[in-house]
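Coordinates in review
Take a look at the letters that make up each chain.
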Amino acid sequence: MAAEEDWVKIVTAKTPTNIAVIKYWGKRDETLILPINDSISVTLDPNHLCTTTTVAVSPTFVEDRMWLNGKEISLAGERYQNCLREIRKRASDVEEEEKGIKIAKKDWQNLHVHIASFNNFPTAAGLASSAAGLACLVFALAKLMNVKEDQGQLSTIARQGSGSACRSLYGGFVKWIMGKNEDGRDSLAVQVADEKHWDDLVILIAVVCSRQKETSSTSGMRESVETSLLLKHRAQEIVPKRTLQMEEAIKNKDFSSFSRLACADSNQFHAVCLDTTPPIFYMNDTSHKIISIVEKWNRSEETPQVAYTFDAGPNAVLIARDRKAASLLLQRMLFHFPPGAETDLNSYVIGDKSILQDAGIKNIKDVESLPNPPELKDANSIQKHPGDVSYFICTRPGQGPTVLSDESQSLLNPETGLPK
Ligand code: DP6
């Protein structure tokens, strides 16, 4: 590699976020990020929620640098450093004759990278961005450095950035196997089924207003491991059986079991949070109202129509069995949580049609005349809470990480390697 070389090699990738339906909560190794139980997630369609990351390498770069949503951030943290080290270790030769790029395996140790990352959803919404972010960082760097390992191996690296990130390396339905080894080499993600397997499902995320500063997942789960006996019981006795049942439910597209297991697991995770000393409250009154609405509706039907699950925050992730159920769910949600006049009704498009159109809602005025949901016989349950939900995001199970070959999607300038 000659010193006068001034090429810039660039890769851009797009990676989805995921929502756990069997939760990861608790580590047995804090540095390697090894969990105390298996977990299962649904990958969310990256066309609705995703992280885009551009990584660049050039002999002219003097240090590793990163920009997140346009702002430079430090890469000094242990988790970033572990991911960078593990990817560099696995780098291979790269040769692009037409650009005069020739990088030998050993050169990667001395070359610096620039990283720019962007979430297409507001970070302030409290939606997990670390899973998509760390998975995208690892995936994009692996492509840049010509790492030959498969997605499962890459997931063991993403895991060291943030546990839930390992599940974002696959689309569809993904299991994070906790593993047994002390070095974490068998703690990795595997795909249970791809996104086409069960494409009836429609997912509605209620972004709930919250004034409260939440405990981070990392410190919350540490406190639970230290103090909650319920967590011990959950990890040893409950989750192993539940994981097998959930895998079966997914493989058989058995929505009744899927919904029962997902709701029970979310509720148990939040019970563990309450069982932690001092107790941790992630859900708020609005989250509880959403649970009641869904429970009441599900019980009034022959089979469950919707599953709910909540991560380390008050937002509800509602998984409807099909489009019809999603449209009825959205009607119920808009009935109880009327949106502001500025709401963009175009944001509910799934496929080529809006879920709102399915529900017969053409403009915001139609929301005011929505009928009472039939299961609400007693007048006390007919309550409206305008402003409690900021907005809804409509999505569905989606694909895993992809490389974006169109240069216009790059977040770094191809000449300078600096943010555009
Ligand atoms: C409640 O992956 O954010 O979302 O490994 O410390 O980075 P770290 O934690 P993180 O925890 C996610 C917890 C959860 C459940 C889940 O995604 O399985």
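Looking at the site of the ligand
The immediate surroundings of the ligand are formed by 17 residues, with Tyr24, Lys27, Ser162, Ser164 and Arg167 found nearest. Residue Tyr24 places a side-chain N or O atom 2.5 Å away from an oxygen atom belonging to the ligand. Within the side chain of Ser162, one N or O atom sits 2.7 Å away from an oxygen atom of the ligand. The fraction of the free accessible surface of the ligand (460 Å²) that becomes covered by protein chains is 94%. Broken down by element, the shell around the ligand gets its largest block of residues, three residues, from helix α4 (residues 217-227).

Digging into the nonpolar core
With 64 residues, the main nonpolar core has Phe258, Ile290, Leu318 and Met333 as its most contacted residues. A domain split of this core shows at least three residues from each of domain 1 (9-194 + 403-409) and domain 2 (202-395). Dropping the residues within four chain positions of it, Phe258 is found in contact with Val21, Val42, Trp198, Met246, Ala249, Ile250, Ala307 and Ile319. Judged by nonpolar contacts, the second largest core, of 36 residues, contains Val11, Leu84, Ala142 and Ala158.

A word on the sheet that holds strand β11 (residues 112-119)
Sheet architecture is open: six strands sit in the order β8-β7-β11-β6-β1-β20, paired in mixed fashion. A strand with exactly one partner marks an edge of an open sheet, and here the two such strands are β8 (71-73) and β20 (402-403). Across two bridges, the pairing between strand β1 (residues 9-16) and β20 is antiparallel. In the strand pairing of β20, Lys14 is matched with Thr402. Contacting β1, β6 (50-58), β11 and β20, helix α2 (residues 130-144) crosses the sheet at an angle of about 145° to β1.

Digging into the sheet that holds strand β16 (residues 316-320)
One open sheet accounts for four strands, arranged β15-β16-β14-β19; its pairing is antiparallel. Of all strands in the sheet, those with a lone pairing partner are β15 (306-309) and β19 (389-395), marking the two edges. With direction set aside, neighbouring strand axes in the sheet form an average angle of 20°. In this sheet, β16 lies alongside strand β14 (residues 202-208) in antiparallel orientation, the contact comprising five bridges. If you follow Val202 over to β16, its bridge partner there is Ala320. Where helix α6 (residues 255-274) meets the sheet, its contacts fall on β15 and β16, and the angle it forms with β15 comes to roughly 20°.

A short note on unusual backbone geometry
Along the chain, Thr277 connects to Pro278 via a cis peptide bond; the corresponding omega equals -10°. As for its position among the elements, Pro278 is in the loop between α6 and α7 (285-300). Phi is positive for Ile33, which is not a glycine, with a value near 55°. One can find Ile33 in the loop between β3 (27-29) and β4 (34-35).

Some details on the domain arrangement of the chain
Partitioning the chain into domains gives domain 1 (9-194 + 403-409) and domain 2 (202-395). Computed over C-alpha atoms only, the centres of domain 1 and domain 2 are separated by 28 Å. Opposite the 28 residues of domain 1 that make contact, domain 2 presents 41 residues. Buried surface at the junction of domain 1 and domain 2, both sides included, amounts to about 2800 Å², of which 71% is carbon and sulfur. On the surface where domain 1 and domain 2 come into contact, there are three salt bridges. Residues Lys23 and Asp311 are paired through a salt bridge, measuring 2.7 Å at the closest nitrogen-oxygen approach. The interface formed by domain 1 and domain 2 includes nine residue pairs in polar contact (both at pLDDT 80 or more). Taken together, the elements giving at least two residues each to the side of domain 1 that touches domain 2 come down to β2 (18-22), β5 (39-43), β12 (173-176) and β13 (189-193).

Some remarks on α4
Along α4, the residues that are buried comprise Gly220, Met221 and Ser224. Each buried residue of α4 lies within a common arc of 90° when the element is viewed along its axis, so the set occupies one face.

Some details on the side chain of Arg332
Mapped onto the elements, Arg332 comes out in helix α8 (residues 323-336). For Arg332, a relative accessible area of 8% translates into the label buried. Side-chain polar atoms of Arg332 contact the side chain of Glu375, separated by 2.8 Å. In contact with Arg332, other than residues within four places in its own chain, are Ile293, Trp297, Pro373, Pro374 and Glu375.

Examining the packing of aromatic side chains
Scanning the model with the defined rule gives nine aromatic pairs in all. Aromatic side chains Trp198 and Phe255 sit 6.3 Å apart centroid to centroid with 80° between the ring planes, which places their arrangement in the edge-to-face category. You can see Trp198 sitting in the loop between β13 and β14 and its partner Phe255 sitting in helix α6, a full 57 residues away along the chain. For the pair Trp198 and Phe258, a centre-to-centre distance of 5.2 Å together with 75° between the ring planes defines the contact as edge-to-face. Taken as a pair, Trp198 in the loop between β13 and β14 and Phe258 in helix α6 lie far apart in primary sequence, 60 residues in all. With relative accessibility at 0%, the residue Phe258 sits in the buried group. Through a chain of ring-to-ring contacts, three or more aromatic side chains come together here, namely Phe173, Trp198, Phe255 and Phe258. One Lys or Arg, Lys384, reaches over the ring of Phe335 and ends 4.2 Å from the middle of that ring.

Calculation rules
- Residues numbered from 1 in each chain as written.
- Predicted model: local features only at pLDDT ≥ 70, side-chain atom pairs only at ≥ 80, totals over all residues.
- Heavy atoms only, no water.
- Near = heavy atom within 4 Å.
- Polar contact = N/O pair within 3.5 Å; in protein donor to acceptor, adjacent residues only side chain to side chain.
- Areas by Shrake-Rupley, 256 points an atom, 1.4 Å probe, with all protein chains shown as cover.
- Helix = DSSP H or I, 4+ residues; strand = E, 2+ residues; numbered from the N terminus.
- Core = buried A, V, L, I, M, F, W, Y, C linked by side-chain atoms within 4.5 Å.
- Buried < 20%, exposed > 50% of the residue type's maximum accessible area, 1.4 Å probe, protein only.
- Domains from an automatic or database assignment.
- Contact = heavy atoms within 4.5 Å.
- Pairing = 2+ DSSP bridges.
- Axes fitted to C-alpha atoms, helices over the stretch in contact; angles between N-to-C directions.
- Buried area = accessible area lost by both parts, 1.4 Å probe.
- Salt bridge = Lys/Arg side-chain N within 4 Å of Asp/Glu carboxyl O.
- Arc of directions from axis to C-beta.
- Phe/Tyr/Trp six-rings, centres within 6.5 Å; stacked < 30°, edge-to-face > 60°.
- Lys NZ or Arg CZ within 6 Å of the ring centre and 35° of its normal.

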